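# Structural overview
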Amino acid sequence: MLKVGLVGIGFMGRGHLDQYLRLMKEGKPVKLVALCDVDPKKFGSEGFEGGNMGDLGKSAYDFSQFHLYNDFDEMIEKEELDYVDIALPTYLHSFYAIKGLKAGLNVLCEKPAAMNADLAAQMQKAADDNGVILNIGVCNRFNTSVNKIAELIQAGVLGGDVK
């Protein structure tokens, strides 16, 4: 059973949360045990701003099934996690991913990996140095619509001279 800590409960974090809830309901060997967000209102029912996605309205989640944290360091110290899932704003990806990797945790990080190639390289180095896995969630490569568009571009149906 993989034990996960989800970091960031904004728009993308809620999408990740939905998928963990689905996987657990289906009996997959993953358990979301902890949620972390600096804004405690996100664990309530009053609604909140969802980054660039506007007001996400009232929460439909039962957060009582998770350990809730407003501090990343406290979460990784107290929980026995197999990996952390970083669903924060892009400018925070490398900082928290590196913290998790240096703590010996595998990291799944939302895309893009970092603000620049140097920070992304630092993330990979932290993974290599600590013998853990860094995975960037480049999920569109599995999206049926995106794959169909790529197929049409490659066939010359779309995109003109683009190869």
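Located above this text is the structure these notes cover.
Source: prediction; values computed, not measured.

## Re the nonpolar core
Formed by 26 residues in total, the largest nonpolar core has its most connected members in Val-7, Phe-72, Met-75, Val-84, Ile-86, Val-107 and Met-123. Taken together, the elements giving at least two residues each to this core come down to strand S2 (30-36), helix H2 (72-78), strand S4 (83-86), helix H3 (90-102), strand S5 (106-110) and helix H4 (117-130). Counting residues per element, this core draws most heavily on H3, at four residues. Setting aside residues up to four positions removed in sequence, Val-84 forms contacts with Gly-5, Val-7, Phe-72, Met-75, Ile-76, Leu-105, Asn-106, Val-107 and Leu-108. Counting 13 residues, the second-largest nonpolar core is a separate cluster that includes Leu-17, Phe-63, Tyr-83 and Ala-87.

## What to know about the side chain of Glu-79
With respect to the helices and strands, the residue Glu-79 is situated in the loop between H2 and S4. An unpaired buried charge is present at Glu-79: no salt bridge exists, and Lys-3, the closest side chain of opposite charge, is 7.7 Å distant. If we skip the residues at most four places from it in the chain, Glu-79 touches Val-33, Ala-34, His-67 and Tyr-69.

## Some points on the layout of surface pockets
What the second largest pocket holds in volume is close to 290 Å³. For the lining of the second largest pocket, the secondary-structure elements that each account for two or more residues are helix H1 (11-25) and S4. Counting residues per element, the lining of the second largest pocket draws most heavily on H1, at six residues. Here the residues of the lining of the second largest pocket sort into seven nonpolar, three polar and three charged.

## Let's talk about the environment of Asn-130
Among the structural elements, Asn-130 can be located in helix H4. Residue class for Asn-130 comes out partly exposed when judged on its relative accessible area of 32%. Spatially, the C-alpha atoms of Asn-130 and Ala-103 are 8.1 Å apart, while their sequence positions differ by 27 residues. At 2.8 Å, the side chain of Asn-130 forms a polar contact with the backbone oxygen of Ala-126.

## Some details on the pattern of salt bridges
This model, assessed by the stated rule, comprises seven salt bridges. Between Lys-78 and Glu-74 there is a salt bridge whose closest N-O contact spans 2.8 Å. Of the two residues, Lys-78 and Glu-74 both sit in helix H2, four residues apart, roughly one turn of that helix. Using a relative accessible area of 54% as the deciding quantity, one classes Lys-78 as exposed. Since its relative accessible area comes to 31%, Glu-74 is described here as partly exposed.

## Thoughts on the pairing of strand S6 (residues 134-137)
Every regular strand shows the same layout, with side chains that alternate between the two sheet faces. Sheet topology places S5 next to S6; four bridges connect them, and they run parallel. Its bridge partner being in S6, Cys-109 is matched across the sheet by Ile-136.

## What about the packing of aromatic side chains?
Tallied over the full model, the rule gives four aromatic pairs. Plain terms: the ring middles of Phe-72 and Tyr-96 are 5.1 Å apart, the flat faces sit at 75° to each other, and that makes the pair edge-to-face. In this pair, Phe-72 is assigned in helix H2 and Tyr-96 in helix H3, connecting sequence segments 24 residues apart. Taking relative accessible area as the criterion, Phe-72 reaches 5% and is therefore assigned buried. Each ring, one from Phe-95 and one from Tyr-96, has its centre 4.9 Å from the other, and the planes form 85°; the classification is edge-to-face.

Conventions adopted
- Residues numbered from 1 in each chain as written.
- Predicted model: local features only at pLDDT ≥ 70, side-chain atom pairs only at ≥ 80, totals over all residues.
- Heavy atoms only, no water.
- Core = buried A, V, L, I, M, F, W, Y, C linked by side-chain atoms within 4.5 Å.
- Buried < 20%, exposed > 50% of the residue type's maximum accessible area, 1.4 Å probe, protein only.
- Helix = DSSP H or I, 4+ residues; strand = E, 2+ residues; numbered from the N terminus.
- Contact = heavy atoms within 4.5 Å.
- Lys, Arg positive; Asp, Glu negative; His and termini not counted.
- Salt bridge = Lys/Arg side-chain N within 4 Å of Asp/Glu carboxyl O.
- 1 Å grid on protein atoms, 1.4 Å probe; cavity = no way out; pocket = protein on both sides within 12 Å on 5 of 7 lines; lining within 4 Å.
- Points joined across faces, edges and corners; volume = space filled by probe spheres on them.
- Nonpolar A, V, L, I, M, F, W, Y, C, P; charged D, E, K, R; others polar.
- Polar contact = N/O pair within 3.5 Å; in protein donor to acceptor, adjacent residues only side chain to side chain.
- Pairing = 2+ DSSP bridges.
- Phe/Tyr/Trp six-rings, centres within 6.5 Å; stacked < 30°, edge-to-face > 60°.

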